[in-house]
Structure formats: C-alpha cells, structure tokens
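Given next are the chains, with one letter for each unit.
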Amino acid sequence: MKEKLLDVKDLKTYFYLSSGIVKAVDGVSFTLEKGQTMGIVGESGSGKSVTASSITRLISKPIGKIVNGEVLFEGKDILKMSNKELLSIRGKDISMIFQDPMTSLDPVYRIGEQMIEVILTHQKISKQEAKRIAIDALINVGISDAEDRFNSYPHEFSGGMRQRVMIAMSLVGDLKLIIADEPTTALDVTVQAKVLELLKDVQKKTNTSILMITHNLGVVWDMCDTVMVMYAGKTVEYAKVKELYKNPLHPYTWGLLDSMPKLSQDSNKPLITIEGSPPDLRLTGNFCNFHYRCPYVQDICRTKMPELIEVDEGHFVSCHFQTRENTLERKEV
Amino acid sequence: MNTVDLKDKDKLFLTEKKANSPWSKLKRNKTAMIGLFIVIIMTLLALFSPVFAPHDPNQMNLSKVHLKPGVEGFIFGTDDVGRDILSRIIYGARISMIVAIGGTLVGGIIGVLLGLISGYSGGTIDSIIMRLMDAMFAFPFVLLAIVLMTVLGNGLRNVILAIGIANIPGYARITRGQVHVVKNEEYCNAIRVLGASNTRLLLNHILPNILSPIIVYATLSIAGAIISEAALSFLGLGISPPTASWGNILRGGKDFLNTYPHVATISGLFILITVLGFNLLGDGIRDVLDPKMKR
Amino acid sequence: MLKTIFKRLLQLIPILFLVSTIIFVITRMIPGDPAATMLGPQAPVDAVEQLREELGLNKSIGEQYLIYLKDIIKGDFGRSYQYGQSVTSLLFERFPNTLLLSIVSLFLALIIGIPIGIISATKHYSIFDYVSMIIALIGVSMPIFWLGLMLVLIFSVNLQWLPSIGMGSLQNGLWDFISHLILPSVALATIPAATFARVTRSSMLDVVKEDYIKSLRSKGIKEKSVIWKHALKNALPPIVTVIGLQTSSLLSGAILTETIFSWPGLGRLIVDAIQNRDYMLIQGAVLLIAFIFVFINLIVDITYLYINPKINYDGKGGDK
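None of the values given here were measured: they were computed from a predicted structure. (Residues numbered from 1 in each chain as written. Chains lettered and ligands numbered in written order. Predicted model: local features only at pLDDT ≥ 70, side-chain atom pairs only at ≥ 80, totals over all residues.)

## Some remarks on the interface of chain C and chain B
So, step 1. The partner chain B presents 36 residues to the 37 residues of chain C that form the contact.
So, step 2. Residue composition of the side of chain C that touches chain B, grouped by class: 32 nonpolar, five polar and no charged. (Contact = placed C-beta atoms within 7 Å. Nonpolar A, V, L, I, M, F, W, Y, C, P; charged D, E, K, R; others polar.)

## Thoughts on the UniProt feature "domain: ABC transmembrane type-1" (unreviewed entry) in chain C
So, step 1. Here the UniProt feature "domain: ABC transmembrane type-1" (unreviewed entry) sits at residues 95-304 of chain C.
So, step 2. Here residues 95-304 of chain C runs as 83% helix and 0% strand, with 27 Å between its end C-alpha atoms. (UniProt positions renumbered as here; feature names shortened; annotations may be inferred. Helix = DSSP H or I, 4+ residues; strand = E, 2+ residues; numbered from the N terminus.)

## Describing unusual backbone geometry
So, step 1. A positive phi angle, near 60°, is found at Arg57 of chain A, a position not held by glycine.
So, step 2. Positionally, Arg57 of chain A belongs in the loop between α1 (48-55) and β4 (64-73).

## Examining the interface of chain A and chain C
So, step 1. Counting residues at the interface gives 29 residues for chain A and 24 residues for chain C.
So, step 2. Where the side of chain A that touches chain C is concerned, the elements lending two or more residues are α2 (83-89), α3 (111-122) and α6 (159-171) of chain A.
So, step 3. When residues in the side of chain A that touches chain C are grouped by element, the largest group, four residues, is from α3 of chain A.
So, step 4. A breakdown of the residues in the side of chain A that touches chain C according to their chemical character gives 13 nonpolar, 10 polar and six charged.

## Notes on the nonpolar core
So, step 1. Core analysis: the biggest nonpolar cluster contains 249 residues, and Leu211 of chain A, Ala145 of chain B together with Ala285 of chain C have the highest contact counts within it.
So, step 2. The element best represented in this core is helix α10 (residues 223-261) of chain C, accounting for 16 residues.
So, step 3. Not counting the four nearest positions on each side in its chain, Leu211 of chain A is found in contact with Leu32, Met38, Ile40, Ala52, Leu177, Ile179 and Ala180 of chain A. (Core = buried A, V, L, I, M, F, W, Y, C linked by C-beta atoms within 7 Å. Buried ≥ 20, exposed ≤ 12 C-beta atoms within 10 Å, placed from the backbone.)

## A word on helix α4 (residues 61-74) of chain C
Residues and elements named next belong to chain C.
So, step 1. The end-to-end C-alpha distance of α4 is 20 Å, a good match for the 20 Å that 14 residues give at a rise of 1.5 Å each.
So, step 2. Counting buried positions along α4 gives one out of 14 residues, so the element sits mostly on the surface.
So, step 3. Residue Gly75 follows α4 closely and has a positive phi angle near 80°. (Expected span 1.5 Å × (residues − 1).)

## What to know about the sheet that holds strand β12 (residues 315-317) of chain A
Residues and elements named next belong to chain A.
So, step 1. Taken in spatial order, the eight strands make up an open sheet running β6-β7-β8-β3-β9-β10-β12-β11, and their pairing is mixed. Of all strands in the sheet, those bounded by a partner on one side alone are β6 (94-97) and β11 (309-312). In this sheet, neighbouring strand axes are inclined to one another by 20° on average, regardless of whether the strands run parallel or antiparallel.
So, step 2. With five bridges joining them, strand β7 (residues 177-181) and strand β8 (residues 209-214) adopt parallel strand pairing. Looking at β8, one finds that Ile179 is bridged to Leu211. (Pairing = 2+ DSSP bridges. Axes fitted to C-alpha atoms, helices over the stretch in contact; angles between N-to-C directions.)

## Quick notes on the sheet that holds strand β5 (residues 76-77) of chain A
All names here are of chain A.
So, step 1. Spatial strand order, β2-β1-β4-β5: four strands in an open sheet with antiparallel pairing. Bordering the open sheet on either side are β2 (20-33) and β5, each of which pairs with just one other strand.
So, step 2. Direction of pairing for strand β1 (residues 4-17) relative to β2: antiparallel, over a ladder of 11 bridges. Pairing of Phe15 across the sheet is with Val22, part of β2.
So, step 3. Across the sheet, α1 lies against β1, β2 and β4, angled at about 65° from β2, the strand it touches most.

Rendered as structure tokens:
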C-alpha cells in the first residue's frame, strides 16, 4: 500500500450570499497518494475549483466558509492549523497553479522579485542565494535565458511562458503537492501539451503528487491515476482512471464522455451536449442534483438523494440505478 | 417534497428578474434611500417655501435680534436684523435647488453636446474642443466660478451661468470618452449603413446608450453645485443679499460666530445634509447603473 | 520613458497658451475701467487718460494681447495698484504660504485617508468599514468653509486651544508656527482625506479579488505583504488619479480656507484682488494658479508611468 499524502474527508464549503447559501462543495472525500496524480472533473460551477482552494483554505472570507470536514496533509489537518503553520506549508509543501497565467502573477513586480519573495518567505537564506535558486528553477522549467528573464515583468511573457514561471515558483520549496486548477485551459493547444509535459517531468523528478482540476477528460486520460467527477458540489463518480475509461457508470460521466470531440468523428455530426445547465446551488435538497438534466431520470431521483456507493473495488458512484445489485443500460447517442 | 424543487427554482428566477430592475436595486440600497429621502424633503421645501416658512424671510425685526433657537417660537432663532432663520433656510433651499439644477442643466447640456460632437467627429474639431476643455480644466473649479462671477456680476442667473460653465469640461470629457467606446460598436455601424443621418445616429442611438454615466455624473455634480453656490455667496460673489441663500446666511453668521454661533451652525448643517443626500443618492445610482465606473 | 515625458511637456505648450488667452479675454471682460478704479472716483480725467496710456489700455486689443503674451514670457505681470508693488514679487511672497498649507494638508490627507481605505477594504463588512465609510461620505460632502468656522468655534472660541486667524512665525517658537497651521490644514485636508479613503477602499476591493492575490496567498506570502506591498501597488492607479485631482482641488479649497483663517496665501490674495478690482493682480494670480494646476496634472501622468510598467513603452520586448 502506498503512502497517503492527502486525505480529504467530508469537506463542505458554503458561500453565504444575501440571496441564499451556496453549497459549492457539499461533502466531498478523496485520498491522494504520494507521487500520484488525481483529476477532478466537472463543469464550471461544479465545485471543483472551490474544492482545490479549500485544501489550502484559500476561501474568500467572510462570504465563503469551510463548514465541515478534514483535510489531512501528511496526517495533519490543514483546517485546524494555526495561521503560521498554514502559511509555512502554502507555497512550500503545497503549491497552486491557477487557470489563467495571464492574471496569476502580480503585474507590477518583476518575476524575479516575486520568486525571491516566495523563497525568502520559506527559507532563511541570503538574497543572493535566493536568486540562484530562482534562476535554477527557471532553467528547470525550460526558460533558457533565465538570467535575463529574471528581470522581466509578467506582461513581457507569453501565456505558456508565464505558466512555466508559475511552475518554477512551485519548485523553489520543498514541494510535495501541486494543485493545478485548470492549468492549461487558457493556453493554446500546442502550448497546453508542453505545459502538461513539464508537469509530468517535474513530478518524475521530485515525486510530487498532483491534484489536477480540469473540465477536459483528455487531460485526465493523459495525466491522472485516479479521477473524481463532480457535479453540483458533490462527487458523482470516483475511480481509477483506467476503470473509469473502461467502465464509466454515472449518467453524468457518460454525458461528459459523449460531449468530447473525437478524432474519428464524422465532422458533419453535431457535437453532443448535455442538455440544460448546472443547477442553482442554493436549491439543493433531498434529490439527485442531476435529475433536471438526466435522460434516465425517474421518480426516485426527485425525492431521494443517492448515496456514493462503492460498486467495485475503488470505484464509487452516486446513482440510484448503479448499485451492486442494479445496473443501468447506457443508451447509444 | 416532491414539488418543492421546481417551484422554488422558478420563484427564485422570477424574483431575480424583478430584483434586477434598476429601481428595485436602488430600493434595496438603504443609504441611497436615505439620500433620496433627504433630496425629496429639500425639493419639497424648495417647491413650497411659502407654505412651509412660518415668517417672511426678509422681514426684519430689530426688537428680536439674535434670538437663540427656540426662543419666542423661532425654531432656529433669528439673525442680526431679526429675520427668522428657519424661514430663510427654507427659502434658501429654493435658491440652492434652482442653482443646483440650473447649473447642472447648463453645464450638462452644453458639455454633453460638445462631448458628442467631439467624440463623434474626431479629427480637428475634436482636438480644438478638447484642448479648450483642457484649458478650462486648468482652472480650479472655485477659481473659475469666482472669475466668471467677477465678469458677470452677482445675482442668481449669473451664479447659475458661472457654475454651469465651470461644469462644462467635466461633462464634455465623460461624454466624449463614452462616445468613443460606443461609436465603433456593431450596432452603430449597422445603423450608419442603413443610412441614418449623423445627427439622428448621435441623438437617437448613441446618446441613450451612454446616458448612464452621464446621469451618475449629474447627480454627483448637483452636490458640487450646491456647495459652489454656498461658497460663492459666502465669499460675497454669489447671490446678492438680502436674498436668502444658505451661503448668504452663513456669511452673515460668520461675523457673529463668537457670540451667536447658531446662525452659521444651522445654515452650514443644511448645506452639509443636502450635499450628503445627493452624494448618497448619486453613489447608489452609480452602483446600480454603472458598477464599474470609478471616480 | 523620457521620450514620453518630453512628449507630454510639448503638449503643455498649446494648453498653457490657451489658458493665457482665456485669462486675457476674461480679465478684459471684467466690467469697469482699470485705470479709473486704480485712481479712485475723484481722479481727474487726464490723469486717468495718462494711466491708461501707461498701462497700454489705449492700444488696440490685438496689440494689448501681444504685449500681454510677451510679458508673460518675461515673467512680468505688471504692478498691483492695491499693494503698490510688482505682481510677480507679490506672488512670490504669497505662494510659499499656500504651498506650505497645501503640502501639510495633502500629507495629512494621505496619511489618514489611505490607511483607512486599506484597512476598510481588508476588513470589508466590518464595523470599522461601515463607520469609516460613513465618516468619509460626510467628509466628501463637507462645505469646508463651514467646517472651518466650526473648527474655529470649537477650538478657538470655546476651548481656546488654538489661534483662529493668521499665520504663525518660527521666530515666535515652533508652537506658534504649528498652532496656526493646525486648523486651516485640518479643514483643507478633510475632503481629500475622505476621498482618498473611499477610492483606496474601492480600488483595493477590486484588486484583492484578482487571481494574483490568491496566487500570492497560495505561496504562503504573509498577509501584510500581500496587502501593503502587492495589492496596494496594484491599487495605486486610481488612487494616484484622485491624488492628482485632489491636489488640484486643494487650490480651490485654499481660496476658501485662506479667507476664513486669514491665511496670507495666494487664495486670499485673489479674493482680495477681485473684491478690489486689482486687475493686474487678478490676471497674474489666476495665471500662476492655472499653470500650477497644469503642472500637477503633468506630474500625475508621469507618476502613472512609474507605477504601471505596462505603460512603459520602451521596455524589453517580450515573446508575445
């Protein structure tokens, strides 16, 4: 059995708006082992990004609040840590990479200054040494003229380069976990592949774990060992990637799979979409959140919330019709 | 349980739709409502001054000079020649509102027109108008108003003119900036292709689309106009005495600050409250109409 | 960067020219004959005529305009009849007093307004936020001539702590100097302080929503640095804009404040000059203030270049 790095148990993060409580993350659990990559997939608004942010408690107060759960990182509950402890693991043990590299670096400071600040926050060394570490990190992520680029402002980099800088900033600490929140969504397709390649490379060298937040199942097939599918703040399916690829069980997962464009697909055929839009997260109750859009919906879906059941070893699914006893026949589309 | 979800969802959408109209958004903004309340009170005082005022504002009574507030039924007391301060304040509201609205109209209409022309035509006309506006902007507002009053002479009409003229460059700039944003949008091109005249395009299509920031600016500049009138009158360059204006009352009270501070205190408080009212309302309107606009 | 500054300096020329022209036109439009005013109502006609000639008022408007422009370039604004000395020397005498008052007020406004704005933004929705924003709103609505009177009423008349009029002198000790400065500068600082607090708060609230702030926090950067180093610098552009605007308005405010506190500065000089129809002095003083105004705006523009590297055109080429 591999070593657990991150163990999230029944995490609930709610946002308290004047118009109601948004249950952005509503009872999510998962584990991530050392050196492994886990994907969280879902549409925008499914709670995947909030899950990622909750792990390091980056929820905007006072509106957002983690109301329940445990986030055990190397056995210690991050949610119970003091501020000082929390700051000491942020950026050192756990590093986050965000969706839009265009906006995730402070535009008014040179990237070198920003990197040095991060290094000096976590290590008691001289500025010179910090600069050395920073430049090494830049070289490591494939920025060739690192000495020069050290003094550039973020706007002088392209999107892909900036994401490399963000990754380089992660490398300066004692990295154990990278949380990548849609790291390639805002990039060109060709650049996407390079950034993913770089992440894999980093992982191989440092044996870090990666939590990959994405809406792109292609990225999941490429990068991940396990995957969790989220819908409306809840886990609908959670399995090993191979298992999910072979044997997806939840109707929502099917929808996601069907809506992926395929190379073999006849270009005259329209892309398949999941009808409707994600539900209003202020209106959750005792029903399956997906019932508004589910083609297989029946009465029970509207009156009873399905539980997450382990139908096969390590394969969890939350659907009334996908249990050990029953199975649902997937319709052809 | 069965029916809760859908109905609730629909209800929420409905209330949201209704809640998104500008007026209901404004209604939910408590501070804006306080502002509106103040503005309405002052407007009523201005409209019906003779009804509300217990005395003739210019009636002197040398036997009742400098009565303290509350004495002999004079709620706010009397001034140095025995005039009822409450009545003068009420009539002063009329002057303040006339100047505020008049000055805003003069400055607004001329400024918006110049901004429309400048922003729409571009080129030399634009340069000339905008350089002229820059030059006018090179004067501190109060200084420009003072200098204009020196040229025009005291009096209500001239105060309106001076404040109006001093307001022109602000309106021109904001309008021009907005025209620039709107003029190259698709719908404008479409209307042009359809053969609408420039004037029609400007007044019927561009103006309505850029009105929000102008309305916001106007509400806030009314507040500025009220202060400006009071400042001019306070300096002796505004409304000629004995006409009751808040600035004049304050100016009169200034000389007796040591002995009868109530005259200056009360008149200034009214200026402050009214300006506060317009600012509260203006802030609220800005949040509703144009949340991104910064001052 | 230097190129941009130079370009902006060049753009000043037409504006300054226009400003001068406007002032010329306006001062010629002031009703009354300067020569007659200067000599008083009893002056004989030929004396008035002679003075008109000396002042160049008998020349055509065109000629007068050219002479006026030439004099401006020479820095010669004529003589003030009221004070009997050259306008230039009078302006030089008074200007430092206005400068002192304005700088002290601006400084007060900055050290009060900006921190309050920042703290309000970081404690959004707290009691501190509500209370300070209500006070700030009252502040921006304040008629400062009235505030000045109220300060006098409280601190001079009732408490008798501070002097109400005039300017102190260092020769009478530091306290004399400072005590005279307190009330006028507090009055003058009120509106800018309130404005800074409001703008700083709203700009900071916008910035703290940005991704890079979350990104910085995710790197373990201390909150103090996130807010006061990163967020503040990013929030600066609108703050600098209003600092510029308020610095300019300080001149407006100074006119009123100086009148109330009998502060011997430019503002009071202008009000006096206008009340006494001291034409040459009006012209010179208005010109000086307008020029200062224009230069303040220039400084604001240049500050922009410094705080926002994106406007810095001659930066190294990125790989975009």
